[in-house]
Amino acid sequence: MKLSDYTLTVLKNFSTINSGLVLQPGTKQRTMSPEKTILVEVDLEDSFSHRFGIYDLVQFLGNVTTLNNPDLEFSDKFVKMSDGTFNLFYLSCSPELVISPPDKSLVMENPDVKFDLSNSILTKTLRLASMNGLPNLSLLGKDGSLDLRVHEKSNDTSNYVHTKLIDYTGENFMATFSTDNFKIMPDDYEVEIKSGSFGKFKSKNKNVTYWIALETK
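Residues numbered from 1 in each chain as written. Predicted model: local features only at pLDDT ≥ 70, side-chain atom pairs only at ≥ 80, totals over all residues. Heavy atoms only, no water.

I'd like a rundown of the nonpolar core, residues and numbers included.
Across soluble globular proteins, nonpolar side chains have a tendency to be buried as a group. Membership of the largest hydrophobic core comes to 53 residues, with the highest contact counts inside it found for Phe60, Phe115, Leu139, Phe177, Ile193, Phe201 and Tyr210. Looking at this core element by element, the count peaks at six residues for helix α1 (residues 5-17). If sequence neighbours within four positions are ignored, phenylalanine 60 has contacts with Ile54, Phe74, Val79, Met81 and Tyr90. (Core = buried A, V, L, I, M, F, W, Y, C linked by side-chain atoms within 4.5 Å. Buried < 20%, exposed > 50% of the residue type's maximum accessible area, 1.4 Å probe, protein only. Helix = DSSP H or I, 4+ residues; strand = E, 2+ residues; numbered from the N terminus. Contact = heavy atoms within 4.5 Å.)

Give me the pattern of salt bridges: which residues, what numbers.
What the rule picks out here adds up to four salt bridges. For lysine 204, the salt bridge goes to aspartate 116, with nearest N and O atoms at 3.0 Å. You can see lysine 204 sitting in the loop between β14 (198-203) and β15 (208-213) and its partner aspartate 116 sitting in strand β8 (residues 113-117), a full 88 residues away along the chain. Under the relative-accessibility criterion, aspartate 116 is labelled partly exposed at 46%. For lysine 164, the salt bridge identified is with aspartate 167, shortest N-O distance 2.6 Å. (Salt bridge = Lys/Arg side-chain N within 4 Å of Asp/Glu carboxyl O.)

So what's going on with the sheet that holds β15? Residues and values would help.
Ordered in space as β2-β3-β15-β14-β13-β8, the six strands form an open sheet in which the pairing is antiparallel. For this open sheet the edge positions go to β2 (26-32) and β8, each flanked by a neighbour on one side alone. Each neighbouring strand pair of the sheet contributes to a mean axis angle of 20°, computed without reference to strand direction. One ladder, built from five bridges, connects β8 with strand β13 (residues 189-194); its direction is antiparallel. Within β13, the residue paired with lysine 114 across the bridge is glutamate 192. Packing against the sheet, α1 makes contact with β2, β3 (38-48) and β15, and its axis sits at approximately 155° to β3. (Pairing = 2+ DSSP bridges. Axes fitted to C-alpha atoms, helices over the stretch in contact; angles between N-to-C directions.)

Describe the sheet that holds strand β7 (residues 87-91), and please don't skip the residues or the numbers.
If you trace the three strands from one edge of the open sheet to the other, you get β5-β6-β7, paired in antiparallel fashion. With partners counted over all chains shown, the strands left at the sheet margins are β5 (71-74) and β7, one partner each. Here the average twist between neighbouring strands, direction ignored, is 20°. Pairing of strand β6 (residues 78-82) with β7 involves five bridges; the strand directions are antiparallel. In the strand pairing of β7, methionine 81 is matched with leucine 88.

Tell me about the side chain of aspartate 187, and please be specific about residues and values.
Here aspartate 187 lies in the loop between β12 (173-178) and β13. Despite its burial, aspartate 187 remains without a salt bridge, the nearest opposite charge being carried by lysine 206 at 4.1 Å. For aspartate 187, the side chain forms a polar contact with the side chain of serine 203, separated by 2.3 Å. For aspartate 187, the side chain forms a polar contact with the side chain of asparagine 205, separated by 2.7 Å. Once residues lying within four places of it in the same chain are set aside, the contact partners of aspartate 187 are Leu117, Ser118, Asn119, Ser203, Lys204, Asn205 and Lys206. (Lys, Arg positive; Asp, Glu negative; His and termini not counted. Polar contact = N/O pair within 3.5 Å; in protein donor to acceptor, adjacent residues only side chain to side chain.)

Taken by themselves, the reported measurements are silent on function.
If you want it as structure tokens, here you go:
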């Protein structure tokens, strides 16, 4: 098999969340950050034949890139990468060496708020957060609107960025994330937030869903 451009893009995104990955047979793949603050699920175009542990995903992808997207032949113990001239035998690691999500999928029950988040707003928000060293992204629901703010929650004298997302008529609401946990691919997202728990970010154009933990302190 050859990895599609989309699969390579997803796996590169996975490598920013967890340095290792256990590929599962089939098209559905999942990973989780070591801190258990980010979980991502995706349905890929490519179907894998074996359960295969990758200890260093960046290294694995570097080999694929260097061999210019070779043919991959998976077995239980290694994957053979062939580009017509070179054959590289990349050994599987024990799945126990990689922090992986639990088998049971997360379910969002009775979210406190739902809204659409455009790629343009999310991208600019995170860029401004990085530029100004702002560690928190908050959703604020009050006074008839749901607003997005990036700020330093513990410092009232810091810079902050604020924009309205939608009209909002529910009870006063606030949910705060760490901006470090927004390691998600650029896209438009359907968002659901459960106060005190996590946010679900479902891509509108890609078969990928991110679950991001809220800051609880």
